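# Report on the structure
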Amino acid sequence: MTKFTKNFLIIMMMLFTISCGHSELITELPPPPPPDSSVLPPSFSLASDFPADIVMPNVDGMKSTAFIVSTSSPAGVIAVDIDANPMKVSTKFKGLISPTGSGIPSRLLVVGTDEAFLTTSNSIISFNPTDSAIYQTVDILPLVSIPSGYKNSDGTDTGLSIKPTFPSGLAIIGDTLFVATSNYIKTQTPALAAPGTVHVYSVSANHTLNKVLIIITSAYNPTGLSVRNN
């Protein structure tokens, strides 16, 4: 019997044994070697399933801090010292723990050491990122009256009002704050949206908001705002 024939018969016997259910072959890979801790990069574990936004302000005294929007416990804004090695929760800025009922956090705008704005699924929160004091929480969901003639994204008439949904963008020029809402009526396929809106607020000296006007966008579900030349 040649060596090839002998090996072939052994393989056939193994396959026959497995197919009859009398035995099984188990292949186990060796465990990976433990990582070399000397080459691991610094890391920071954030307690959020879906961090929704991150802002690193170009503001004196804040340039070494990243403000991360957390959508799960603790929901709100977590301030992280990015110059620390390893990175750690900031001891200089407290960020924000979202108040009960204020919705799911989404977008963040940090203006200065004493002024920041956070949009949630139903509100705009004006707060102090240093000590986490909340100046005001504004409901963004009341119906918006609009002229006739507007259409939803599927071509149907919008009617005379829009229900703002999904705050999705923030921008500020001087003491004027702009907040976009996407206004989805249905998010499942096929999605349906009303015309988008941009809510305009004046910001007072004590950081509270007063609504000035609402802009109806020429398209649907705007997802961001950017400032160009004031």
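Everything quoted here is computed from the prediction, not taken from an experiment.

Attention now moves to the environment of Ser-182. Structurally, Ser-182 can be placed in the loop between β13 (176–181) and β14 (184–186). The class of Ser-182 is buried, set by a relative accessible area of 4%. The sequence separation of Ser-182 and Pro-164 amounts to 18 residues, and the corresponding C-alpha distance is 7.2 Å. With residues near it in sequence (within four places) discarded, Ser-182 still touches Thr-165, Phe-166, Ser-168, Ala-193, Ala-194, Asn-221 and Pro-222.

The next subject is the environment of Asn-210. The residue Asn-210 is located in strand β17 (residues 209–220) in this model. Owing to a relative accessible area of 41%, Asn-210 belongs among the partly exposed residues under this scheme. Put simply, Asn-210 and Val-138 are 72 residues apart on the chain and 9.3 Å apart in space, counted from C-alpha to C-alpha. For Asn-210, the contacting residues outside a window of four places in its chain are Val-200, Tyr-201, Ser-202 and Ser-204.

On to unusual backbone geometry, then. For the peptide bond that leads from Asn-85 to Pro-86, omega is 5°, which places it in the cis range. When you line up the elements, Pro-86 lands in the loop between β3 (76–81) and β4 (88–89). Note that the residue after Thr-189, namely Pro-190, is joined by a cis bond; omega there is -5°. With respect to the helices, strands and loops of the structure, Pro-190 is situated in the loop between β14 and β15 (192–193). If you check the backbone angles, Asn-183 has positive phi at about 60° while not being a glycine. In this fold, Asn-183 is placed in the loop between β13 and β14. Look at Asn-183 and you get buried, because its relative accessible area is 0%. Phi is positive for Asn-221, close to 35°, though the residue is something other than glycine. Relative to the elements of secondary structure, Asn-221 occurs in the segment after β17.

Let's shift gears to the nonpolar core. Counting 14 residues, the largest nonpolar core has Phe-67, Val-77, Leu-96, Leu-108, Val-110, Leu-118 and Phe-127 as its most contacted members. Every element with two or more residues in this core is listed here: β2 (65–70), β3, β6 (105–112), β7 (115–120) and β8 (123–127). Other than its neighbours up to four places away in sequence, Phe-127 contacts Val-77, Gly-95, Leu-96, Leu-108, Asp-114, Glu-115, Ala-116, Phe-117, Leu-118, Ala-133, Ile-134 and Tyr-135. In this structure, Phe-117, Ile-140, Leu-177 and Val-179 belong to the second largest nonpolar core, which totals 11 residues.

So, on to the pairing of strand β16 (residues 195–203). Counting buried positions over the 9 residues of β16 gives 8, a clear majority of the element. As consecutive antiparallel partners, β16 and β17 are separated by 5 residues, and within that stretch His-207 has a phi angle of approximately 70°, a positive value.

Attention now goes to the packing of aromatic side chains. To describe a pair of aromatic rings, you give the distance between the ring centres and the angle between the ring planes. Enumeration according to the criterion identifies 2 aromatic pairs in this entry. Consider the rings of Phe-67 and Phe-93, whose centres lie 5.6 Å apart with planes at 70°: the pair is edge-to-face. Separated by 26 residues along the polypeptide, Phe-67 in strand β2 and Phe-93 in the loop between β4 and β5 (96–97) bring together distant segments of the chain. Phe-67 sits in the buried class, given a relative accessible area of 0%. Residue Phe-93 is classed as buried on the basis of its relative accessible area, which comes to 2%. Between the aromatic rings of Phe-166 and Tyr-184, the centroid separation amounts to 5.7 Å while the plane-to-plane angle is 85°, which identifies the pairing as edge-to-face. Separated by 18 residues along the polypeptide, Phe-166 in the loop between β11 (161–162) and β12 (167–173) and Tyr-184 in strand β14 bring together distant segments of the chain. For Phe-166, a relative accessible area of 45% corresponds to the partly exposed category. Classification of Tyr-184 by relative accessible area gives partly exposed; the value is 25%.

To continue, consider the sheet that holds β7. Reading across from one edge, β6-β7-β8-β9 is the order of the 4 strands in this open sheet, with antiparallel pairing throughout. Edge strands, defined here as strands with exactly one partner in the open sheet, are β6 and β9 (134–139). If you compare each strand with its neighbour and ignore which way they point, the axes differ by 15° on average. Sheet analysis places β7 next to β8, joined by 4 bridges and oriented antiparallel. The residue bridging Thr-119 from the neighbouring strand is Ile-124, located in β8.

Calculation rules
Residues numbered from 1 in each chain as written. Predicted model: local features only at pLDDT ≥ 70, side-chain atom pairs only at ≥ 80, totals over all residues. Heavy atoms only, no water. Helix = DSSP H or I, 4+ residues; strand = E, 2+ residues; numbered from the N terminus. Buried < 20%, exposed > 50% of the residue type's maximum accessible area, 1.4 Å probe, protein only. Contact = heavy atoms within 4.5 Å. Core = buried A, V, L, I, M, F, W, Y, C linked by side-chain atoms within 4.5 Å. Pairing = 2+ DSSP bridges. Phe/Tyr/Trp six-rings, centres within 6.5 Å; stacked < 30°, edge-to-face > 60°. Axes fitted to C-alpha atoms, helices over the stretch in contact; angles between N-to-C directions.

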